[in-house]
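Chain and residue survey
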Amino acid sequence: MYALKNSVASSPFDNEKEAILAWEQGKEVVTNNPVLLSIESTSVCNLRCVMCPHAIGAVHRPKHMDQEIAGKLENFLKSAKNVQLHGIGEPLLSPAFWQFLSAIKDNHQAHIEVNSNAVLLTDTAIEKILNSNLSTINISLDGCSREMYKKIRGESFEKVAKNIKRLCEKRNERPDSKLKVWLNMTIMKENYKEIVHFVHFAKAIGADHTHFNDLNDFDPEALASWAVTKGDFTFKYSEQMIGDIIDDVTKNLQEAKSHAEILRIGFSISGNKKLHLE
Ligand code: SF4
């Protein structure tokens, strides 16, 4: 149970200490604010990626978070140690997202992250991000070629790559910036052959880290009707899961990991239990 405080925000470290103490003492009613905040700043998206519920109209009544509600979360934001500002949508579209970024400006102890597709990463958005206290932007690409990006995400790869490169360049002009740029790839049968190349692309464009996960491991029968066509590619969810090619995927991931070490770029994987490396 939580006794609502949200009046005077303690510092993130003090708040965390209070939380740990309450846990160690087995308290059933705690007075600390949340240490981790996961806030869906919007469920509206400008893309319809083939593996996303947006592509099949399964995100019901998408909308931005109400800014009045967002304002009520400000003290929580100031005392949290980890803050995620995304859900199933594109945060750069959301006024609440930009409101959160300004609200959290003075919490330098927090790790603040956001997922974005980077399509709307204009120079103005880049400036606002670099003037904020954002720690990590996770940009999902799912491939590193024009054709693959178009098949999966349906947008211009050149445009997005240019946006990311610009973000990295602008960030590098500010040695005191703490922003890290992660590039993400959701692995499926269609794109797993781009895994190694993805690491090289990320390095070339100036990103700090590459992250790989795979499609949600849902029951293939439940996904049988999930089919989305983009151009001449039809994505069928149940046929794109990597269970039966896991050895090939693992080999590519292993190779990508060694390349990442040589190139000195971050590398990590998550997702289903199938994806793991020695
Ligand atoms: S950008 Fe993200 S939220 Fe938007 S459609 Fe693609 S996967 Fe879904």
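Refer to the structure presented above.
We now turn to the structure provided with this report. (Residues numbered from 1 in each chain as written. Predicted model: local features only at pLDDT ≥ 70, side-chain atom pairs only at ≥ 80, totals over all residues. Heavy atoms only, no water.)

**Overview of the sheet that holds strand β6 (residues 209-214)**
The pairing of strands in a sheet comes from backbone hydrogen bonds and takes either a parallel or an antiparallel form. Strand order in the open sheet made by the seven strands is β1-β2-β3-β4-β5-β6-β9, with parallel pairing throughout. In the strand order of this sheet, the two ends are held by β1 (36-38) and β9 (266-269), each with one partner. If you compare each strand with its neighbour and ignore which way they point, the axes differ by 20° on average. Two elements, strand β3 (residues 111-116) and strand β4 (residues 136-140), share four bridges in a ladder whose sense is parallel. Residue serine 116 lies in a different strand from β4, and its bridge partner there is isoleucine 139. Sheet strands in contact with helix α7 (residues 157-172) are β4 and β5 (180-187), and its direction is about 155° off that of β5. (Pairing = 2+ DSSP bridges. Helix = DSSP H or I, 4+ residues; strand = E, 2+ residues; numbered from the N terminus. Axes fitted to C-alpha atoms, helices over the stretch in contact; angles between N-to-C directions. Contact = heavy atoms within 4.5 Å.)

**Observations concerning the packing of helix α5 (residues 123-130) against α7**
In the contact formed by α5 and α7, the axes pass within 10 Å of each other and the chain directions differ by 40°. In terms of orientation, α5 lies oblique with respect to α7. The handedness of the crossing between α5 and α7 comes out as right-handed. On α7, the residues that touch Asp123, Ile126, Glu127 and Leu130 of α5 are Asn163, Arg166, Leu167, Lys170 and Arg171. Tallied by class, the residues present in the contact of α5 with α7 amount to three nonpolar, one polar and five charged. (Parallel < 35°, antiparallel > 145°, perpendicular 65-115°, else oblique. Left-handed = near helix turned anticlockwise from the far one by under 90°. Nonpolar A, V, L, I, M, F, W, Y, C, P; charged D, E, K, R; others polar.)

**Some points on the packing of aromatic side chains**
Counting across every chain of the model gives seven aromatic pairs. Here the aromatic rings of tryptophan 226 and tyrosine 237 are separated by 4.8 Å at their centres, their planes lie at 65°, and the arrangement is edge-to-face. Within this pair, whereas tryptophan 226 is found in the loop between β6 and β7 (227-230), its partner tyrosine 237 is found in helix α9 (residues 237-240), the two being separated by 11 residues in sequence. An angle of 75° between the planes, with centres 5.5 Å apart, marks the rings of phenylalanine 235 and tyrosine 237 as edge-to-face. (Phe/Tyr/Trp six-rings, centres within 6.5 Å; stacked < 30°, edge-to-face > 60°.)

**Describing the pattern of salt bridges**
Within this structure, the stated rule accounts for 10 salt bridges. Residue arginine 174 pairs with glutamate 127 through a salt bridge whose shortest N-O separation is 3.0 Å. Remark: glutamate 127 occurs in helix α5 and arginine 174 occurs in the loop between α7 and β5; sequence separation between them is 47 residues. On the basis of relative accessible area, arginine 174 is assigned to the partly exposed category, the value being 24%. According to the relative accessible area criterion, glutamate 127 is partly exposed, its value standing at 32%. The closest approach of N and O atoms between aspartate 244 and lysine 189, which form a salt bridge, is 3.0 Å. In this pair, aspartate 244 sits in the loop between α9 and α10 (246-263) while lysine 189 sits in the loop between β5 and α8 (195-205), placing the two residues 55 residues apart along the sequence. On the accessibility criterion, lysine 189 (28% relative accessible area) is partly exposed. (Salt bridge = Lys/Arg side-chain N within 4 Å of Asp/Glu carboxyl O. Buried < 20%, exposed > 50% of the residue type's maximum accessible area, 1.4 Å probe, protein only.)

**Topic: helix α1 (residues 12-24)**
Helical periodicity: at 3.6 residues per turn, an α-helix aligns residues three or four positions apart in one direction. Over its 13 residues, α1 extends 18 Å from the first C-alpha to the last, a length consistent with the 18 Å expected when each residue adds 1.5 Å. Where α1 is concerned, the buried positions are Pro12, Asn15, Ala19 and Ala22. Burial along α1 is one-sided: seen end-on, the buried residues are contained in an arc of 90°. Of the exposed residues in α1, those oriented more than 90 degrees away from the buried face are Lys17 and Glu24. Of the residues one or two after α1, glycine 26 is the one with positive phi, at around 65°. (Expected span 1.5 Å × (residues − 1). Arc of directions from axis to C-beta.)

**Considerations on the site of the ligand**
Surrounding the ligand, one finds Cys45, Leu47, Arg48, Cys49, Cys52, His54, Ile88, Gly89, Asn117 and Arg153. Tallied by class, residues from the shell around the ligand come to five nonpolar, three polar and two charged. (Near = heavy atom within 4 Å.)

**Looking at the environment of valine 59**
Position of valine 59 relative to the elements: it lies in the loop between β1 and α2 (67-72). With 25 residues separating them along the chain, valine 59 and glutamine 84 place their C-alpha atoms 20 Å apart. Ignoring sequence-local partners within four residues, the contact set of valine 59 consists of Ser43, Pro53, His54 and Ile88.

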